[in-house]
Amino acid sequence: MNPSPTSIHLSLETGEVEITVLTPRLVHVRQAAGELMPRRSWAIPRADADFPAVPVERSESDAGITLKTDLVAVTVRRADGAVSFTNSAGRVFCADAQAPRVSGRGVHAARQAAPGERFYGFGERAGLLEKSGRLLTNWTTDPVRSHGPGVDPLYIAIPVYLSLQPGLCHAVYFNNTFHSEFDLRRLANRTAAEPAIMEWRADGGELDYYVVYGPTPAEALHGLTELLGRMPMPPRWALGYHQSRWSYQSADEVRQVADEFRSRQIPCDVIHLDIDHMDGYRNLTWNPQTYPDPAGLVAEMRSIGIRLVPIVDAGIKVDPAYRVYASGLQQDAFIRKADGSLAQYYVWPDDSVFADYLRPEVRDWWGSLFEEHARIGVEGIWTDMNEPVVFDKPFSQGGGGSGTLPLDAGQGPAGERTTHAEAHNLFGLGMAQATYEGMRRALGGRRPFVLCRSGFAGIQRWTASWMGDNDSWWEHLAMSLPQLMNMGLSGAPFVGVDIGGFGNEATPELFARWMQIGSLMPFCRGHSSAGTLPHEPWAFGAEVEQISRTYLALRYRLLPYLYTQFWKAHQCGTPIFRPLFFDFPQDAALADLNDQVMVGPLLMAAPVLQPGVRARAVYLPAGEWFDWWTGRRLTGGGWTWTEAPLDSMPLYVRAGAILPLGPAIQHTGERPLDELMLEVYPGEGEFTLYEDDGLTDACERGDYCQTHYRLHRRAGNLELEVWAREGSYQPPVRNVTVRFHGRVRLGEFSYTDDGTARHLRLGN
Ligand code: MIG
């Protein structure tokens with residue numbers, strides 16, 4: 001018997017059940033065939049013991065035991081261990097439809113779904129926003145290109161979902177790292193007679209899950225990320241535009257690309273270096289012929305405001321003369337097969353080995369390898385192939401495919417050894433963690449940027465994510481919206497797709513449309529595969545170049561707003577690029593809206609996602625909206641029709657918006673935020689602008705500032721209240737222009753912002 005008043009422990013015939021209340025909205029449920037497993041060092045969520053105790057009411061009957069907080073009650077049935085939740089209004093949610101089964105060989109649970117309950121999240125997926133009817137597998141996989149809407153799984157596995165019913169939202173994290181499934185097929189085509197059921201299965205481990213009550217999506221995400229962790233503040237430059245290609249073949253080509261951006265006045269902060277920059281695909285080396293002076297190149301690029309982000313792969317070349325292999329071998333850092341021999345497989349450098357990132361000392365070793373990169377000025381690392389993928393034959397003999405390590409290979413630290421079957425899904429997560437922590441140590445106070453292809457729940461703590469190898473297809477452009485929105489709902493806000501498409505060739509029209517919405521994706525990178533034609537923004541003719549310039553310029557002007565959204569994500573787990581229902585959870589019409597997106601709370605984009613289309617229908621939730629381009633006022637609560645010529649992506653601002661914009665810049669280091677524009681739209685609203693140095697970890701020690709703005713009506717007139725700036729970070733004294741999009745005309749006001757409070761009467 002567990003004496004803690006916040007937890008229930010039952011020994012049933014079928015095994016142990018433990019339920020622990022962690023916060024008023026967060027509950028941990030565990031059921032095992034025998035005894036519950038001890039916590040492992042590589043566990044993802046925060047330990048139960050790390051949550052301060054909360055007031056819980058406990059009641060018992062013959063039938064079961066109930067724990068109750070201010071928000072939820074959880075009941076376990078003595079007879080069979082079935083668990084159910086209710087909110088304070090007595091509405092049941094997330095209830096076992098039958099007794100869960102846990103055996104040595106796996107787990108199975110069947111949860112009741114309410115009529116009309118909708119399911120989102122599930123990490124990285126192909127297909128539409130809402131997932132009823134799908135069988136979704138949690139197993140990190142390289143699908144080897146050309147993934148259509150039905151392809152599953154993909155690179156990142158996040159066993160998290162968000163359920164939405166009218167007035168009631170909750171999230172679930174299924175804390176099991178084995179191969180597992182969410183089966184939503186019995187939700188589709190259901191008849192009234194058939195119970196609506198969603199099944200969870202896993203090939204091993206315990207039935208271990210966390211339920212997070214909202215009731216709003218924002219509250220559910222807040223609770224979920226309190227458990228799984230949140231994104232660290234990225235360096236501000238990582239919010240700029242990134243240009244990539246597999247591969248820029250030499251330092252000279254990198255210089256040329258950088259020069260093109262600057263001479264064409266297309267903003268850019270980052271160039272990625274794909275695998276060909278290495279010496280024979282050896283991680284952390286440089287090809288001596290094509291990249292003879294990496295330090296010089298990095299410095300030269302930095303002098304024009306461009307950072308280089310080199311790639312490292314999961315496979316480490318077997319080569320006794322290569323320091324990474326030799327030192328790893330000495331540390332016994334590499335995964336071994338069940339028979340004790342090195343798990344050696346083919347990837348780019350042919351024979352390769354793989355580090356066991358579950359072990360803390362291996363993460364330290366891996367992290368320390370980045371010291372040299374950091375010393376020459378590299379502040380960002382891109383990691384790839386960490387599902388992990390292995391080829392069927394040597395790359396030099398045309399190898400490919402998407403095999404992985406043997407499931408019985410041993411992993412993990414002594415005392416908690418497991419096999420790849422349990423650790424597979426954690427490979428990318430561990431590699432991202434080791435890379436992030438190593439870079440952080442090496443940069444001594446500057447914030448690193450890490451980009452990682454694979455991942456698991458909690459991946460946002462270590463890295464940004466892109467959605468792997470899409471194609472230059474309209475279908476993949478359209479898919480990028482639900483894909484990124486569901487990542488955000490799974491706790492990972494810093495996400496993007498390859499703008500323009502990775503495989504195949506984009507047409508000018510496709511590239512233009514992709515750049516339009518891509519410019520508002522949290523991670524904004526153009527990339528393209530080897531063997532394709534150039535995909536840089538100027539490669540498609542003058543018109544598309546101009547469109548790219550316009551939209552990237554818009555992104556850069558929006559940086560004060562976007563950066564504030566990153567802060568919100570860092571503080572609260574709030575997704576940045578999110579479905580409309582996140583901000584309007586009461587509006588049932590939004591549940592299946594795949595082709596519109598909120599970018600933070602104030603902007604809504606309705607991109608064109610089909611060829612030849614020059615107008616589209618747009619759904620505007622209740623309230624007033626303004627067309628970003630024309631300033632025209634629109635009344636929400638239904639559909640509107642809008643023109644969308646090639647150079648224009650429909651974009652809307654909510655009434656009452658106070659949108660902070662910075663000056664036009666070519667890169668984030670060009671100048672501090674020494675000039676600010678507030679675009680103000682009639683209505684009631686508020687906004688808190690977040691600022692810090694953009695570069696160091698001082699913000700984590702409280703060195704930042706916030707300015708609160710409030711727009712409200714007073715004696716028939718709208719008034720903008722600017723509150724006194726709070727916090728220690730000091731932006732430059734600057735001119736602020738307030739552009740008021742009034743009913744009659746555009747009003748311009750300006751003031752000198754020295755951090756003091758003021759009131760501006762704007763008109764009506
Ligand atoms: O499958 O490093 O997703 O972005 O350009 C090829 C070469 C391996 C896969 C990544 C892609 C990258 C490519 N890599």
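One structure accompanies this document, and this report is about it. This structure is a prediction, so every number in the text was calculated from the model and none was measured.

A word on the overall build of the protein chain. Counting secondary structure elements, the protein chain contains 13 helices and 48 strands. The C-alpha radius of gyration computed for the protein chain amounts to 26 Å, which stays within 12% of the reference 27 Å derived for 764 residues, consistent with globular compactness. Every one of the 764 residues in the protein chain was classed for burial, and the buried ones make up 64%. Roughly 26,200 Å² of accessible area belongs to the protein chain as shown, and the carbon and sulfur atoms make up 50% of that amount. Counting 70 positive and 90 negative side-chain charges, the protein chain places the averaged centre of each group 4 Å from the other.

Bringing the environment of Leu-559 into the picture now. By the element assignment, Leu-559 lies in helix α12 (residues 559-572). Considered as a pair, Leu-559 and Ala-220 are 339 residues apart in the sequence and their alpha carbons are 27 Å apart. Apart from residues lying up to four places away in sequence, Leu-559 is in contact with Arg-236, Leu-239, Ile-665 and Thr-668.

Moving on: the site of the ligand. Close to the ligand lie 13 residues; Asp-274, Asp-384, Arg-453, Asp-469 and His-527 are nearest. Surface burial for the ligand is 94%, taken as the share of its 350 Å² of free accessible area covered by protein chains. Residue composition of the shell around the ligand, by class: eight nonpolar, one polar and four charged.

In spatial order, the strands read β21-β23-β22; together these three strands make up an open sheet with antiparallel pairing. With one partner strand each, in any of the chains shown, β21 (316-317) and β22 (345-347) form the two edges of the open sheet. With two bridges joining them, β21 and strand β23 (residues 350-353) adopt antiparallel strand pairing. Bridging across to β23, Ile-316 finds its partner in Val-353.

Taken as a whole and assessed by the stated rule, the structure comprises 56 salt bridges. One salt bridge in this structure joins Asp-319 and Arg-282, with 3.1 Å as the shortest N-O distance. You can see Asp-319 sitting in the loop between β21 and α4 (323-331) and its partner Arg-282 sitting in the loop between β19 (270-273) and α3 (294-303), a full 37 residues away along the chain. What makes Arg-282 buried here is its relative accessible area of 19%.

Following both chains from N to C, one finds helix α10 (residues 508-518) and helix α11 (residues 542-557) inclined at 5 degrees, their axes separated by 9 Å at the closest point. Considered as vectors, α10 and α11 are oriented roughly parallel to each other. Residues Pro-508, Phe-511, Ala-512, Met-515, Gln-516 and Gly-518 of α10 form the contact with α11, whose own contacting residues are Val-544, Ile-547, Ser-548, Tyr-551, Leu-552 and Arg-555. Here the contact of α10 with α11 is built from residues that sort into eight nonpolar, three polar and one charged.

A few words now on the nonpolar core. Judged by nonpolar contacts, the single largest core of 206 residues is most densely connected at Tyr-173, Trp-365, Trp-366, Leu-678 and Leu-720. Among the nonpolar cores identified, the runner-up in size contains 40 residues, and Val-17, Val-72, Phe-122 and Leu-207 belong to it.

To continue, consider helix α8 (residues 427-443). For α8, built from 17 residues, the straight-helix expectation of 24 Å at 1.5 Å per residue is met to within 8% by its first-to-last C-alpha distance of 24 Å. Within α8, 13 of the 17 residues are buried, which leaves it mostly tucked inside the rest of the structure. With its phi angle positive at about 50 degrees, Gly-444 sits one or two positions after the end of α8.

Inspection of every chain in the model, using the stated rule, returns 46 aromatic pairs. Ring geometry for Phe-391 versus Phe-395: centroids 6.3 Å apart, planes at 45 degrees, classification tilted. By relative accessible area, Phe-391 is classed as buried at 9%. Ring geometry for Phe-626 against Tyr-681: centres 5.2 Å apart, planes inclined by 45 degrees, an arrangement best described as tilted. With a gap of 55 residues between them, Phe-626 in strand β36 (residues 624-627) and Tyr-681 in the loop between β41 (675-680) and β42 (685-691) connect regions that are remote in the sequence. For Phe-626, a relative accessible area of 2% puts it in the buried group. Residue classification places Tyr-681 among the buried positions, given a relative accessible area of 1%. Ring pairs connect the aromatic residues Phe-119, Phe-122, Tyr-161, Phe-174, Phe-182, Trp-200 and Tyr-209, which therefore count as one cluster. A cation over a ring is seen here: Arg-46 above Phe-51, with NZ or CZ 4.0 Å from the ring centre. One cation-aromatic arrangement involves Arg-525 over Trp-382; the distance from NZ or CZ to the ring centre is 4.5 Å.

Right, let's talk about the environment of Thr-69 for a bit. Position of Thr-69 among the secondary structure elements: in the loop between β5 (64-68) and β6 (72-77). The buried category is assigned to Thr-69, whose relative accessible area is 7%. For the pair Thr-69 and Thr-6, spaced 63 residues apart in sequence, the C-alpha to C-alpha distance is 9.5 Å. Ignoring sequence-local partners within four residues, the contact set of Thr-69 consists of Val-21, Thr-23, Pro-24, Pro-55 and Val-56.

A few words on the pairing of strand β15 (residues 180-183). Here β15 shows no split at all, with Ser-180 and Phe-182 on one side and Glu-181 and Asp-183 on the other all buried. Of the pairings in the sheet, the one linking strand β12 (residues 135-138) to β15 comprises four bridges and is antiparallel in character. Bridge assignment links Asn-138 to a residue of β15, and that residue is Ser-180.

Before going further, it helps to examine the sheet that holds strand β4 (residues 57-60). With respect to topology, five strands assemble into an open sheet ordered β4-β5-β6-β7-β8, the strand pairing being antiparallel. Sheet topology places β4 and β8 (92-93) at the edges, where each strand pairs with a single neighbour. The pairing of strand β7 (residues 83-87) with β8 spans two bridges and is antiparallel. Counterpart to Phe-85 in the pairing with β8 is Phe-93.

What follows deals with unusual backbone geometry. A cis geometry characterises the amide bond from Asp-152 onward to Pro-153, with omega recorded as -5 degrees. With respect to the helices, strands and loops of the structure, Pro-153 is situated in the loop between β12 and β13 (160-165). At Asp-332, a position not held by glycine, the phi torsion is positive, near 55 degrees. Examined against the element boundaries, Asp-332 turns out to sit in the loop between α4 and β22.

In this section: the packing of helix α9 (residues 474-489) against α10. Between α9 and α10, whose axes approach to 10 Å, the crossing angle comes to 10 degrees. In terms of orientation, α9 lies roughly parallel with respect to α10. Where α9 approaches α10, its residues Trp-474, His-476, Leu-477, Ser-480 and Leu-481 are matched on the opposing element by Glu-509, Leu-510, Arg-513, Trp-514 and Ile-517. By residue class, the composition of the contact of α9 with α10 is six nonpolar, two polar and two charged.

All chains considered together, the criterion is met by zero disulfides. Among the cysteines around Cys-268, which has no disulfide bond, Cys-524 carries the closest sulfur, lying 9.4 Å off.

In this structure, Arg-302 sits in helix α3. Separated by 158 residues in the primary sequence, Arg-302 and Gln-460 have C-alpha atoms spaced 27 Å apart.

Our next topic: the side chain of His-667. Examined against the element boundaries, His-667 turns out to sit in the loop between β40 (658-661) and β41. For His-667, a relative accessible area of 13% puts it in the buried group. A polar atom in the side chain of His-667 sits 3.1 Å from the backbone nitrogen of Gly-669.

Parameters and conventions
- Residues numbered from 1 in each chain as written.
- Predicted model: local features only at pLDDT ≥ 70, side-chain atom pairs only at ≥ 80, totals over all residues.
- Heavy atoms only, no water.
- Helix = DSSP H or I, 4+ residues; strand = E, 2+ residues; numbered from the N terminus.
- Rg over C-alpha atoms; globule rule 2.2 N^0.38 Å.
- Buried < 20%, exposed > 50% of the residue type's maximum accessible area, 1.4 Å probe, protein only.
- Areas by Shrake-Rupley, 256 points an atom, 1.4 Å probe, with all protein chains shown as cover.
- Lys, Arg positive; Asp, Glu negative; His and termini not counted.
- Charge placed at Lys NZ, Arg CZ, Asp CG, Glu CD.
- Contact = heavy atoms within 4.5 Å.
- Near = heavy atom within 4 Å.
- Nonpolar A, V, L, I, M, F, W, Y, C, P; charged D, E, K, R; others polar.
- Pairing = 2+ DSSP bridges.
- Salt bridge = Lys/Arg side-chain N within 4 Å of Asp/Glu carboxyl O.
- Axes fitted to C-alpha atoms, helices over the stretch in contact; angles between N-to-C directions.
- Parallel < 35°, antiparallel > 145°, perpendicular 65-115°, else oblique.
- Core = buried A, V, L, I, M, F, W, Y, C linked by side-chain atoms within 4.5 Å.
- Expected span 1.5 Å × (residues − 1).
- Phe/Tyr/Trp six-rings, centres within 6.5 Å; stacked < 30°, edge-to-face > 60°.
- Lys NZ or Arg CZ within 6 Å of the ring centre and 35° of its normal.
- Disulfide = S-S within 2.5 Å.
- Polar contact = N/O pair within 3.5 Å; in protein donor to acceptor, adjacent residues only side chain to side chain.

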